[in-house]
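Here are the chains, one letter per residue:
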Amino acid sequence: VGIVVPTWHYFKEPFKLQPVEELYFATVIDSHFEGTDVSVNVIDLRELRKEDSKYSLEQVSEYIPEHDLYLYWISRAGNYIEILSIIEQLRQAYPKSKHAAGGFHVENLAEECERQFDAIIFGPGEESFINITDDCRNGSLKKIYRSDWKNVKFSDYPFPRRHYLPEPAVVNTVLFEEYGGVRGTSALFSRGCPFKCAFCYTNFPNMLQMRNPQSIEEEIIYLKKEYQIEGINLRDELCIPLSEKAAIKRLEAI
């Protein structure tokens, strides 16, 4: 299984932030299939934007090795056209491989995405990506996978491990350069937003799902121990929960 991170062409410094969602899904799939013949890689196409890269986006099939299944989580519409160009090249190079995608953009352009991908996801990705991986192994891949946000709790899954990428891709001093350039990385302690602002696409899901305090504490300890992190950039839509009780527990964990 290859989980693809696009080049993030709209960012001047693509390595400043980290692909937390892709790392999270890689961890979830890996944890579920531990001890089986399933192996998971995070394919980081941000590498193509480095000055010393031997490859360009037009040579992506030379950079990406063959996988049975490629997964994409499309939260930003700005990634969509690029991903389609990647898939076109990969289909030519590896015609037996399958491509599956989920995320906000897929749900809002479902009819079009259904034509472009071998499988698409409605709802959260955890269980659907697991089911897609299993069905791909068994030769029974379906076109549409659905799950309900209410039934897939963010706190039930492991925090994202970072070993899928080299250290410079997950740690830098640019993220907190205004604060002295400490070693920093990104994390996601909750997802979604309960508000319904018409101008905003990030209330997806339209509820707040928080990781439990123990999981937050374990991730911080992991990041400090394995990567000597001194600063964490929270990518949550609501960094402090609305509930005072929940906020206190979370802040105490941090």
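Residues numbered from 1 in each chain as written. Predicted model: local features only at pLDDT ≥ 70, side-chain atom pairs only at ≥ 80, totals over all residues. Heavy atoms only, no water.

(A) Looking closely at the overall build of the protein. Assigned secondary structure in the protein consists of 9 helices and 10 strands. The C-alpha radius of gyration computed for the protein amounts to 18 Å, which stays within 12% of the reference 18 Å derived for 254 residues, consistent with globular compactness. Reported as C-alpha extents along the three principal axes, the dimensions of the protein are approximately 50 × 45 × 45 Å. The buried share of the protein, taken over its 254 residues, is 48%. Contacts in the protein between residues far apart in sequence, at least 24 positions, make up 70% of those at least 6 positions apart. Element-wise, carbon and sulfur atoms account for 49% of the exposed surface of the protein, whose accessible area totals about 13,000 Å². Separation of charge centres in the protein, based on 29 positive and 39 negative side chains, amounts to 3 Å. (Helix = DSSP H or I, 4+ residues; strand = E, 2+ residues; numbered from the N terminus. Rg over C-alpha atoms; globule rule 2.2 N^0.38 Å. Buried < 20%, exposed > 50% of the residue type's maximum accessible area, 1.4 Å probe, protein only. Contact = heavy atoms within 4.5 Å. Areas by Shrake-Rupley, 256 points an atom, 1.4 Å probe, with all protein chains shown as cover. Lys, Arg positive; Asp, Glu negative; His and termini not counted. Charge placed at Lys NZ, Arg CZ, Asp CG, Glu CD.)

(B) Geometry of the sheet that holds strand β6 (residues 144-146). Across the sheet, 6 strands lie side by side as β2-β1-β3-β4-β5-β6; this open sheet has parallel pairing. The open sheet has two free edges, formed respectively by β2 (41-44) and β6, since each of these has just one partner strand. Averaged over all neighbouring strand pairs, the angle between strand axes comes to 25°, with direction disregarded. Inspection of the sheet shows strand β4 (residues 98-102) paired to strand β5 (residues 119-122) by 2 bridges, in the parallel sense. The partner of A100 across the bridge, within β5, is A119. Sitting on the sheet, helix α1 (residues 20-32) is in contact with β1 (2-5), β2 and β3 (69-73), with an inclination near 175° to β1. Where helix α6 (residues 126-138) meets the sheet, its contacts fall on β3, β4, β5 and β6, and the angle it forms with β3 comes to roughly 165°. (Pairing = 2+ DSSP bridges. Axes fitted to C-alpha atoms, helices over the stretch in contact; angles between N-to-C directions.)

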